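The primary structure of each chain is shown beneath.
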Amino acid sequence: PLTLGIPIRPGCRMGPASAATASLEVALAHATRLLEAEPVLAEEQAREILRAIGDHPRALHVLAMARVGMGDDQAAVGVLGPLARDCPRWAQVHADLGAALARLGRMGEAVAALRHATATQPQLPDAWLALADALRASGDAEGADAACLQHVRQAAKDPRLLAIGKALFENRLP
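Residues numbered from 1 in each chain as written. Predicted model: local features only at pLDDT ≥ 70, side-chain atom pairs only at ≥ 80, totals over all residues. Heavy atoms only, no water.

A. Just the overall build of the protein, in detail. Secondary structure assignment for the protein yields nine helices and zero strands. When the helices and strands of the protein are listed from N to C terminus, the series reads α-α-α-α-α-α-α-α-α. Across the 174 residues that make up the protein, the buried fraction comes to 44%. Taking contacts inside the protein between residues at least 6 apart in sequence as the whole, the part at least 24 apart equals 41%. Carbon and sulfur atoms provide 57% of the accessible area of the protein, an area that totals close to 9400 Å². (Helix = DSSP H or I, 4+ residues; strand = E, 2+ residues; numbered from the N terminus. Buried < 20%, exposed > 50% of the residue type's maximum accessible area, 1.4 Å probe, protein only. Contact = heavy atoms within 4.5 Å. Areas by Shrake-Rupley, 256 points an atom, 1.4 Å probe, with all protein chains shown as cover.)

B. Layout of the nonpolar core. Core analysis: the biggest nonpolar cluster contains 49 residues, and Leu 97 and Leu 131 have the highest contact counts within it. Counting residues per element, the ones that place at least two in this core are helix H1 (22-37), helix H2 (39-53), helix H3 (57-69), helix H4 (73-86), helix H5 (91-103), helix H6 (107-120), helix H7 (125-137) and helix H8 (141-155). Not counting the four nearest positions on each side in its chain, Leu 97 is found in contact with Val 77, Leu 80, Gly 81, Ala 84 and Ala 113. (Core = buried A, V, L, I, M, F, W, Y, C linked by side-chain atoms within 4.5 Å.)

C. Structural detail: the pattern of salt bridges. What the rule picks out here adds up to nine salt bridges. When the shortest N-O distance is used, the salt bridge between Glu 43 and Arg 47 registers 3.0 Å. One end of the pair is Glu 43 and the other is Arg 47, both in helix H2 and four residues apart, which spans about a single turn. A relative accessible area of 11% means that Glu 43 is categorised as buried. Residue class for Arg 47 comes out partly exposed when judged on its relative accessible area of 37%. (Salt bridge = Lys/Arg side-chain N within 4 Å of Asp/Glu carboxyl O.)

D. Quick look at the environment of Ser 138. Counting through the fold element by element, Ser 138 comes out in the loop between H7 and H8. For the pair formed by Ser 138 and Arg 106, sequence separation is 32 residues and the distance between their alpha carbons is 9.7 Å. Apart from the residues lying within four places of it in its own chain, the contact partners of Ser 138 are Met 107 and Val 111. Polar side-chain contacts of Ser 138 include one of 2.8 Å to the backbone oxygen of Ala 134. (Polar contact = N/O pair within 3.5 Å; in protein donor to acceptor, adjacent residues only side chain to side chain.)

E. Geometry of unusual backbone geometry. The backbone of Asn 171 sits at a positive phi, close to 55 degrees, despite the residue not being glycine. Relative to the helices and strands, Asn 171 is located in the segment after helix H9 (159-169).

F. Looking closely at the confidence of the model for the protein. Within the protein, residue pLDDT values average 86, and 86% of them lie at 70 or more. Low pLDDT, under 50, characterises residues 13-20; the predicted model gives this stretch eleven contacts beyond four residues in sequence or across chains. (pLDDT = per-residue confidence, 0-100.)

Right, dumping it as structure tokens:
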């Protein structure tokens, strides 16, 4: 089969047996599309990929996010934790792990994962927002406000909106 260089997040360790093929790329894209509307089918697709080629980071991520979509954060953490260890520079995995940990009430771990995600890739607005929520739940209002401001900075690229957001967080509205 035709071998494609599937973009794997930097920092992920993959063995030589995980060479990407055109059919793998199609299967991963299909599973990803199913996540929002049909998480059960996305999980089935991810499991098929994993049965066929072994522990592929993107397939594991789809599997974890399918579990999140089905409301099973504990199972998602069981997949995302090892994936985050194996892929330390894949910020989205750390953000997803942090969000799942927060939903489980494990705020200390959630904050650590979300801080790692935002330090690795500061352009993830949802990670900043999840960090703000986790910090607020942990009693760190000042840290939560700072993370909220970063969320606004990353989510909005219009300088006027940024100025309004900053004024709001600094309680300087006219």
